[in-house]
Amino acid sequence: MASIKNKQDGDKMVKMILDCDTGIDDALAIGYAVHSPEIELLGITVCYGMAPVDYTYRNAKKIVQLLGSDIGVWKGAEKPLVLEKEYNGLIHGMDGLGNTLGNVQPEDLVDCPSLHAVDYLIEKIYEYKKELTLVVTGPLTNLALAIKKDPNIINLVGKVVSMGGALTTPGNVNRYAEANYAIDPHAANYVYKTNIPITMVGLDVTRKTLLTTEDVANWKQKGTELSCFFAEFTQYYLDAYKKIHPYLKGCALHDPLAIAVGKDPSFVQTIPIHLEVEVEGVSAGRTIEDLYREESNPLQTEVSIKVDAERFMEDFYKNIV
Ligand code: RIB
Ligand code: CA
C-alpha cells in the first residue's frame, strides 16, 4: 500500500475537490493530488465520461484504496444535459482504466454514498467558500447541475479549474472540439456563461505535457502494487496514442496538469477572455471568444496558453508514485 507523502501544514494547503470521469489520466490525477504535499484533497466526485458513471465511481474508489487513502467518492451525473453518450473504449478502454478491472460488480457499489455528487459539491462550496478549489477533469455536467440547483455557488466558490477545450489548437475528437466539452457542450457553455471564476486548461497546454514509454517502464521497474497498476493501465493509453496521435510521441497528461494548476497557477500563463462553447453542428464543443458578453461583467475566465512543461513534469514524477 503506498504511503501518503508528508503533507504541508493544513493552513498552507490548497483545499481541493476533484470532479472527474475516471479514465486513465483522471486516475493519474488522483494519485498526483493525493501525493502532492500542497493539496488537501477533500473529496472526489465522478460523472459519466470515459466510461459509464458506475465505472468511473468504481475506478476512483480502486485508485483511492490503492493509495491507502480514506478520501470519499460521490457518484454524479449519468449522462450529458442534452446529448446522448456512447462509449467506444478507444483511448481509456471500455471500463475506463485500460480494461484492467473489467465489468462493475454489485459489490463495487455497496458503499456508494446516497448523497448525489451534485449535492456534495453544493454542500462543500457552502462550507469552504473562497478556500475551495474545484478541479474538473471530465465533462462539466456535475458543475452545471450544481449551479442550476443553487446559483449562489457561482459567487461562493474560490475557483474552478477545468481540463477541457482547445483555443489555439485543433481538438482531439475532431478539428474543432476537445472530448470533455464535446461530450457535453451544453454544460460547458452554461458554466462559462455564468461567469464563475474558472481557468481553462485545454489542449493548448496539455499536449505539451507527455508521458513516454520510458516513464511507464520506470513505474514497472519500481515494482510496487501502485506503480505496476499505473503502468498497466497507462500502457493501454500509450498504445492508443501511438495509433491515434502518433505525432505526439507519448500520451498527454491532460488531467494531472489541471491538478497542478489547481495547486499552483504559475504552471501556466493565461489570457482573460469571455468564452463560449458552441453547442450545435460539426463544431459543437468548440471553445471560442464570446463576442456578445457585456464587458461590464467582471472577466473571470482565464484560458491557459503556455505551460512550464519541464517544471510540471518534474513535479508530477516527484509525486505520482
Ligand atoms: O480530452 C481529454 C480529456 O477527456 C481528459 O480529461 C480525458 O480524461 C478525457 O476525460
Ligand atoms: Ca478526464
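The rules we used
Residues numbered from 1 in each chain as written. Chains lettered and ligands numbered in written order. Predicted model: local features only at pLDDT ≥ 70, side-chain atom pairs only at ≥ 80, totals over all residues. Heavy atoms only, no water. Helix = DSSP H or I, 4+ residues; strand = E, 2+ residues; numbered from the N terminus. Polar contact = N/O pair within 3.5 Å; in protein donor to acceptor, adjacent residues only side chain to side chain. Contact = heavy atoms within 4.5 Å. Near = heavy atom within 4 Å. Areas by Shrake-Rupley, 256 points an atom, 1.4 Å probe, with all protein chains shown as cover. Nonpolar A, V, L, I, M, F, W, Y, C, P; charged D, E, K, R; others polar. Core = buried A, V, L, I, M, F, W, Y, C linked by side-chain atoms within 4.5 Å. Buried < 20%, exposed > 50% of the residue type's maximum accessible area, 1.4 Å probe, protein only. Expected span 1.5 Å × (residues − 1). Bend = angle between axes of the 7 residues up to and from the residue. Donors = N, O, S within 2.8 Å, 3.2 Å for Na, K, Ca; no water.

**Topic: the side chain of T141**
- Summarising the element assignment, T141 is placed in helix α4 (residues 141-149).
- In terms of polar contacts, T141 uses its side chain to reach the side chain of D184, at 2.7 Å.
- Apart from the residues lying within four places of it in its own chain, the contact partners of T141 are Y48, A77, K79, P80, L81, D184 and A187.

**Description of the site of ligand 1**
- Around ligand 1, 13 residues are found, and the nearest of them are D25, N172, E178, N180 and D255.
- Take D25: an N or O atom from its side chain is 2.5 Å from an oxygen atom of ligand 1.
- Between T137 and ligand 1, the recorded distance is 2.9 Å, taken from a backbone N or O atom to an oxygen atom.
- Burial of ligand 1 by the protein amounts to 97% of the accessible area it has alone, namely 280 Å².
- Broken down by secondary-structure element, the contributors of at least two residues to the shell around ligand 1 are α1 (24-35), α6 (179-183) and α11 (254-263).
- Looking at the shell around ligand 1, its residues break down into 3 nonpolar, 5 polar and 5 charged.

**Considering the nonpolar core**
- By size, the foremost hydrophobic cluster in this structure holds 67 residues, and its most contacted members are I30 and I44.
- In this structure I44 touches L18, C20, I30, A60, V64, I71, G72, V73 and W74, once residues within four positions along its chain are discounted.
- Grouped together as the second largest cluster of nonpolar side chains are 35 residues, V118, L121, L134 and I198 included.

**Here's the deal with helix α10 (residues 225-244)**
- In this model, α10 (20 residues) spans 29 Å end to end at C-alpha, consistent with the 28 Å of a helix rising 1.5 Å per residue.
- The principal kink in α10, of about 25 degrees, is found at T234.
- Three or more residues of α10 are buried, namely L226, S227, F229, F230, A231, F233, T234, Y237, L238, A240 and Y241.

**Let's talk about the environment of V261**
- Within the fold, V261 resides in helix α11.
- When its relative accessible area of 1% is taken as the criterion, V261 is described as buried.
- Along the chain, V261 and K75 lie 186 residues apart, while their C-alpha atoms are 24 Å from each other.
- Other than its neighbours up to four places away in sequence, V261 contacts K159, V161, T199, V201 and V268.

**With respect to the coordination of the calcium ion (ligand 2)**
- Bound to the calcium ion (ligand 2) are the protein donor atoms D21 (OD), D26 (OD), D26 (OD), T137 (O) and D255 (OD), situated 2.2 to 2.6 Å from the metal.
- Sequence positions of the residues that donate to the calcium ion (ligand 2) give the spacing D-x4-D-x110-T-x117-D. In this pair, D26 sits in helix α1 while D255 sits in helix α11, placing the two residues 229 residues apart along the sequence. An identical accessibility class is assigned to D26 and D255; each is buried.

**Focus: unusual backbone geometry**
- Even without being glycine, N99 reaches a positive phi, approximately 60 degrees.
- The residue K249 is not glycine, and still its phi comes out positive at about 55 degrees.
- Turning to its location among the elements, K249 is positioned in the loop between α10 and β8 (251-252).
- According to the relative accessible area criterion, K249 is exposed, its value standing at 69%.

The analysis is restricted to geometry; functional conclusions fall outside its scope.
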